[in-house]
Amino acid sequence: MSLQGKAMKTRSFFVGELEKGAASVLITGDELKHLRGVLRLREGEAVTIFNGRGLVVKGVIQRIVKQAATVSVLGEDTESRESSVHVVLLQALVKGDKNDFIVQKAVELGATGIVFYAAKRTVPLLGPGRGTDRLIRWRRIAIEAAKQCGRSVIPGISLADGIEEAVAGHACPRMFKAGKGFLKIMLLESETTRTIKDMLRTAPAAKAAALLIGPEGGFTDEDVVHAAKNGFTPVSLGRRILRAETAAIAALTIVQYELDGMD
Ligand code: SAM
């Protein structure tokens, strides 16, 4: 579709409770604060509502009161911006707020799942019980990123105990059971023979992939053995050593370009 043909993008709001066939939807909480306080939208204005599970509807604001904005639903928006490829990012926790950055970029690049794990060489990051508030924060970042890029699906984000749990697929069992046509790719900085291009070119019809990225300190030899035991193939992203967050973005982009086409 030419840029001129792109419909004016109406403001998008996340309502997890939205179900197919709803005649009206209530916007409450943070989304209402944004609608009223930041965007200062008024009754009669057009909006888009998505439930983060693939359903998007167009609507018009009927009423705005203190606790909620009522939106009457005009119809479903069937234009999907989802990738045709299911990609799960298995990402070693990295320092500081770079994990937030990885969540945001993984959503924009169409990931359908993000599993963080504490690798052996991960600098201890999350104190006891900190995992929950990080997951809540990452979920918020994922919702904002999905709104910004126009996705209808918000990827599931989870925390695996260690690389063992991450590569075993406990966080996304359905996908790991996909079997045929499901690529398990370990991005290994020390790999010198097979490139990611070699691997993707051998499976052009693949429609699901797991991408395993290591921590700042890199993978240990036992990580490589363990990942191989779980069906992961080590591949290189080239001769330069990338930061973990750069490797995540590069690998996601390459997989989308090769297997989905990004068209
Ligand atoms: N400490 C490692 C070293 O100096 O060799 C670097 C680790 S790198 C910062 C973090 C992760 O990014 C790696 O574990 C790997 O998953 C990925 N990565 C970085 N550069 C890569 C490359 N050229 N090929 C494949 N993966 C790469």
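Everything discussed here concerns the structure shown above.
Definitions and cut-offs
Residues numbered from 1 in each chain as written. Predicted model: local features only at pLDDT ≥ 70, side-chain atom pairs only at ≥ 80, totals over all residues. Heavy atoms only, no water. Near = heavy atom within 4 Å. Polar contact = N/O pair within 3.5 Å; in protein donor to acceptor, adjacent residues only side chain to side chain. Areas by Shrake-Rupley, 256 points an atom, 1.4 Å probe, with all protein chains shown as cover. Helix = DSSP H or I, 4+ residues; strand = E, 2+ residues; numbered from the N terminus. Contact = heavy atoms within 4.5 Å. Buried < 20%, exposed > 50% of the residue type's maximum accessible area, 1.4 Å probe, protein only. Arc of directions from axis to C-beta. Axes fitted to C-alpha atoms, helices over the stretch in contact; angles between N-to-C directions. Parallel < 35°, antiparallel > 145°, perpendicular 65-115°, else oblique. Nonpolar A, V, L, I, M, F, W, Y, C, P; charged D, E, K, R; others polar. Core = buried A, V, L, I, M, F, W, Y, C linked by side-chain atoms within 4.5 Å. Pairing = 2+ DSSP bridges. Salt bridge = Lys/Arg side-chain N within 4 Å of Asp/Glu carboxyl O.

J.: Got a minute to help me understand the site of the ligand in this structure?
T.: With respect to spatial proximity, 19 residues lie near the ligand, and among them Leu187, Gly214, Leu237, Arg240 and Leu242 are the closest. Here a nitrogen atom of the ligand sits 2.9 Å away from a polar atom, N or O, in the main chain of Glu216. In the environment of the ligand, a nitrogen atom lies 2.8 Å from a nitrogen or oxygen atom belonging to the backbone of Leu237. Its free accessible area being 580 Å², the ligand has 84% of it covered by the protein chains.

J.: Would you take a moment to explain the environment of Val153 for this structure?
T.: Summarising the element assignment, Val153 is placed in the loop between α3 (130-149) and β8 (156-160). Once the C-alpha coordinates of Val153 and Val65 are considered, the two residues, 88 residues apart in sequence, prove to be 28 Å apart. Setting aside residues no more than four positions away along its own chain, Val153 makes contact with Gly52, Arg53, Gly54, Glu82 and Ala146.

J.: Please explain helix α1 (residues 29-38) as it appears in this structure.
T.: Count 3.6 residues to each turn of an α-helix, and residues three or four apart come out pointing the same way. Turning to α1, its buried residues number three or more, namely Glu31, Leu32 and Leu35. Viewed along the axis of α1, the buried residues span an arc of 100°, placing them on a single side of the element. Turned more than 90 degrees away from the buried face of α1, the exposed residues are Lys33 and Val38.

J.: When you look at the packing of helix α2 (residues 98-108) against helix α8 (residues 244-260) in this model, what are you seeing that I'm missing?
T.: Packed helices, taken two at a time, are described by their axes: the angle between them and the distance between them. The geometry of α2 relative to α8 is characterised by a closest axis approach of 10 Å and an angle of 10° between their N-to-C directions. The orientation of α2 relative to α8 falls into the category roughly parallel. Contact residues: Lys98, Phe101, Ile102, Lys105 and Ala106 in α2; Glu245, Ile249 and Leu252 in α8. Partitioning the contact of α2 with α8 into residue classes produces five nonpolar, no polar and three charged.

J.: How should the side chain of Ser72 be read in this particular structure?
T.: Looking at the secondary structure, you find Ser72 in strand β5 (residues 69-76). A relative accessible area of 18% places Ser72 in the buried class. Engagement of the side chain of Ser72 in a polar contact is seen with the side chain of Gln62, the distance being 2.8 Å.

J.: Would you take a moment to explain the nonpolar core for this structure?
T.: For soluble globular proteins, the rule of thumb is that nonpolar side chains tend to be buried together. Residues Val103, Leu183, Ile185, Leu211 and Val255 are the most contacted members of the largest nonpolar core, which totals 43 residues. With seven residues, the single largest contributor to this core is α8. Discounting residues that sit within four places of it in the chain, Val255 has contacts with Val85, Val87, Ile185, Ile196, Leu200, Ala209, Leu211 and Asp260. Grouped together as the second largest cluster of nonpolar side chains are 20 residues, Ala92, Ala160, Cys172 and Ala227 included.

J.: Would you mind going over the sheet that holds strand β2 (residues 24-27) with me for this structure?
T.: Hydrogen bonds between backbone atoms are what pair the strands of a sheet, whose relative direction is either parallel or antiparallel. Taken in spatial order, the five strands make up an open sheet running β1-β3-β4-β5-β2, and their pairing is mixed. On the outer flanks of this sheet lie β1 (12-14) and β2, each paired with one strand and no other. For this sheet, the mean angle separating the axes of adjacent strands, direction not counted, is 40°. Both β2 and β5 contribute to a ladder of four bridges, which runs antiparallel. Each residue of the ladder has a partner; that of Leu26, found in β5, is Thr70.

J.: Would you take a moment to explain the pattern of salt bridges for this structure?
T.: Note on pairing: side chains with opposite charge can pair once their charged atoms come close. Applying the stated rule across the entire model yields 15 salt bridges. When the shortest N-O distance is used, the salt bridge between Lys98 and Glu216 registers 3.9 Å. Taken together, the residues span a long stretch of sequence, with Lys98 in helix α2 and Glu216 in the loop between β10 (208-213) and α7 (221-229) at a distance of 118 residues. Taking relative accessible area as the criterion, Lys98 reaches 23% and is therefore assigned partly exposed. Put simply, Glu144 and Lys147 hold a salt bridge, and the shortest N to O gap is 3.7 Å. One end of the pair is Glu144 and the other is Lys147, both in helix α3 and three residues apart, which spans about a single turn. Glu144 gets classed as partly exposed once you look at its relative accessible area, which sits at 33%. The exposure class of Lys147 is buried, given its relative accessible area of 8%. When salt bridges with common partners are traced through the structure, they connect Glu31, Arg140, Glu144 and Lys147 into a single cluster.

Keep in mind that these numbers describe shape and distance, not what the molecule does.
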